[in-house]
Structures are given as structure tokens and as C-alpha cells.
Amino acid sequence: MKRTIALLFAVAALLAALQARADLTIEITQGMDNPTAIAVVPFAWNGPGAAPVDVAAVVDSDLTRSGQFSPVQRADMLGRPTTEAEVFYRDWRAIDTEYLLIGRISTATGDMQLDFELFDVLRQTVVFKGTESAPVNEARMLGHRVADAVYEKLTGIRGAFATRLLYVSVKRVPGGKDYYRLTLADSDGARPIVLLESREPVLAPAWSPDGREIAYVSFETSRPAIYRQNLATGEREQLTNFKGLNGAPAWSPDGNTMAMVLSKDGSPDIYLMNLATKQLSRITRHYAIDTEPVWMPDGKSLLFTSDRGGKPQIYRYDLVSGMTQRLTFEGTYNARARVAQDGRNVVLVHQQDGDFHIALLDLVTNRLQVLTSTALDESPSIAPNGSMVLYATKYADRGILAAVSVDGGVKFRLPAREGDVREPAWSPYMDR
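Residues numbered from 1 in each chain as written. Predicted model: local features only at pLDDT ≥ 70, side-chain atom pairs only at ≥ 80, totals over all residues. Heavy atoms only, no water.

Moving on: helix α5 (residues 139–155). Given a rise of 1.5 Å per residue, 17 residues ought to cover 24 Å, and the 24 Å separating the end C-alpha atoms of α5 matches this to within 8%. Of all 17 residues that make up α5, 12 are buried, and the element is covered over most of its length. Those residues of α5 that sit buried are A139, R140, M141, L142, G143, H144, R145, V146, A147, D148, V150 and Y151. Just past α5, the residue G156 takes up positive phi, approximately 80 degrees. (Helix = DSSP H or I, 4+ residues; strand = E, 2+ residues; numbered from the N terminus. Expected span 1.5 Å × (residues − 1). Buried < 20%, exposed > 50% of the residue type's maximum accessible area, 1.4 Å probe, protein only.)

This is the structure in C-alpha cells:
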């Protein structure tokens, strides 16, 4: 059985009240030493009825998940200010709070408008003031945007809470065929929306650079085929259906070309498809397996996995010169590379002592750092700000998603409420 769902973000938002709970739950397993103490006071609500979402709680949760902040529990707050005049710094110093966030939500314009202020408690000053707005049915995203603003102000790194995740969940059916679901969710796993449901495998979800489309591999025609799907309309287009392997789609940074793996001419090689004309060009020609292409941010080269040296390793293909260069030498297995937007850090799957871990390769220093300690880690995907890596792993005999910061200091798990989860893909920054 297969079912596609036309995804209209406006319509999906109307269903948010029914879908607000997350299919993925967050379990923080490791945070930074001495995280910053911040109080996120419940925001004042000036609208009809009750607020649709506790937006302050969304901000609180996002900052907690980063591992760099330790939000104050509401039960410990000595006051609930919503304006600067109501802020008494002594109340917050008494509970060792470093920063204080307050805000007011109004619906006078039809949308939700959140005016907020961030205070430095020790210096007794306003750090900054801001305003964010969103439709009432996008209240959670409003919270993510405020969390992004606070995170950037206090760390100097752009936040990535107002992004989205793609992942594949598998529901096991004893004695029958499993159900595969391609799901879209907020960065915290909330508001899950099923884009595709099938009794056949779904693999390798990938984002277009503008976040408006996705690509993936589906076996719904009884063999692997690459599809692209528009998220605003739900419209799908089948891009390939060649004999043999059709896999690993990867959009170019300008969105005009898709790299993919095809075996229609023999062994699996990397091909480029012009998405306007559907013309294919083959860029690797080797008897070994060349797979898992990923573009460098400048669009001038690609990384890919190949066993042409005897074991899977990461290689770089220069589109101008046609030259191929091996990048990884440490260990007998390195695969599934994903590149940060800075073009310097590459996350990959690295085998060490028989186990598969997520590692970070610095292309400038050639230093490889292992980030995880679990045994079966795979499918890394890096946040658009380069700070966190999402990956699939095993925990309590189930497939789950987990995350680790690029310095290895912050870790959390995102197990599903039911079934196994795999193949995560972190979105680029989304246009509003």
C-alpha cells in the first residue's frame, strides 16, 4: 500500500493542534559543563481564549536541547514579569540566573506577534529586544524563531531550531510486510506529517537547497526509483527508473542539478542530472562501487564513497578538472560523508575496533575526531549552522535517532514512540 499526501504548509498548520505531540521524544544524555542559566518566563497572552501553545515552553525546550543552557524551572521563579518595569533583578540573582527572557503575545493584527526582551541579570541591562510574528496556527515555529534569536545573541552562532527534519520510520508487522513512512517534523520532532506511506522501502531523503522540495528513493514500483516532491503542493515527479540501482539523490547548491548513483551502465557510478532537461552525465567510471555523493558548498566538487582502494573511503571529485582525490586514510572504513556549510567540516561514518561511529573530519588539518561511542551509528546529517549532527543508531534493540554536537560535548536521543527510525535529513534554513 502506498499513499502520498499533498503537503500544504497552511493546511498542515491548521492540523497542528491535533499533531502537536512529537512522534520523536527527546532524551538529553550529555550537556556542556557549566551551562548558562537562563529563565524563560511564560509569555503574556493578549488574545481570545487561551494561548494555542505555550510558546515560552518551546523556547525553553529548544535552549535545553542545545546543551549550552540550563533553563530555570518555573516553580523556582520568584516572579513572572512580562514587561521591563516588572523585572526585579534581585529576584533572579537570588536563584543564580544569568539571563532572563520575557515577552508578550498579541493577536491584534490577526497573526501572533511576540515582543520579547532578553536581560543580563548580573549587569542589570537589556541585552536586546526583538519582535517575531507568525500565523496563530504556527505558534510552535514562533517559539523556535525566538529561541534562534536568543541562541545567536548569546553564542554568536546562528540558531537552527526553526528548521525541519525528514526521517523514515518503520513499523514492524509480525508475519507481514513492514510499513515505511517518510515523515516531516519540526527540529524537535513535533508536528510530524507523513509525506509518503508504503509497504516497500523508502530511503535516502534529501532536501533541495531552498527547502521547498525533497528527493528520496522509493521501491514502490518494485525496484528503486528516485522521486522529487514539492512540499507546498505535494506534487511528485519520478526522475529515474533504470534497471539496477537508482539511489543517493543529492541536490547541487544552486538547485539545478542532482547527483545520484546509477548502475544502468554496469557498476554503480555517480551521475549528474540536469533537472530542467533531465539530461544525464556520468562523472565516475570505475569498476568499483562509487556511491553516496554530496556536494561541496561552492558547487565545484563532490565527495563520494568508493571502495576503489579496496575498502570504503571518502573521495573528492573536482568538476572542473575531473580529478579524483582520496580524503580519508585513517581506518579501514569511512563512508556517508556530509559537509557543513563552512566547507571545512565533514561528518561521516567511521569504523573503529569493529564498531561504526560518527566522526568529524577537518579538511584543513585532516584531523579525524570520533564523536560517538555507540556501536551501530549511520546516516549522519549536519545542522545548517554546523553545530549538531543528527544520525541513526540502535538503542534498546530499536532504531532511533540521536544527535551530538560537533565538539562531542552535547548528546541527546530522539527515540520514536513506536517502531524504528532511520535516515534522518536536517533541512537547510527555511524561508518564511
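Once you've had a look at it, read on.
Within the secondary structure layout, E197 lies in strand β11 (residues 193–198). Under the relative-accessibility criterion, E197 is labelled buried at 5%. A sequence separation of 23 residues divides E197 from E220, and the C-alpha atoms of the two residues are 10.0 Å apart. A distance of 2.6 Å separates a polar atom in the side chain of E197 from a polar atom in the side chain of R181. (Polar contact = N/O pair within 3.5 Å; in protein donor to acceptor, adjacent residues only side chain to side chain.)

Take the side chain of T284 next. With respect to the helices and strands, T284 occurs in the loop between β19 (280–282) and β20 (290–295). A relative accessible area of 3% places T284 in the buried class. Of the polar contacts made by the side chain of T284, one reaches the side chain of D269; its length is 2.7 Å. In this structure the side chain of T284 is engaged in a polar contact, spanning 3.1 Å, whose partner is the side chain of D290. In contact with T284, not counting residues within four places along its chain, are D269, I270, D290, F304 and R308. (Contact = heavy atoms within 4.5 Å.)

All chains considered together, the criterion is met by seven aromatic pairs. Where Y89 meets F119, the ring centres are 6.4 Å apart and the plane angle is 75 degrees; that geometry is what we call edge-to-face. Taken together, the positions of Y89 in helix α4 (residues 89–93) and F119 in strand β7 (residues 112–120) put the pair 30 residues apart, joining distant regions of the chain. Like Y89, the residue F119 is buried in the burial classification. Feature note: the residues F69, Y151 and F161 constitute an aromatic cluster, connected by ring pairs. Sitting over the face of the ring of Y179, R199 holds its NZ or CZ atom 4.2 Å from the ring centroid. (Phe/Tyr/Trp six-rings, centres within 6.5 Å; stacked < 30°, edge-to-face > 60°. Lys NZ or Arg CZ within 6 Å of the ring centre and 35° of its normal.)

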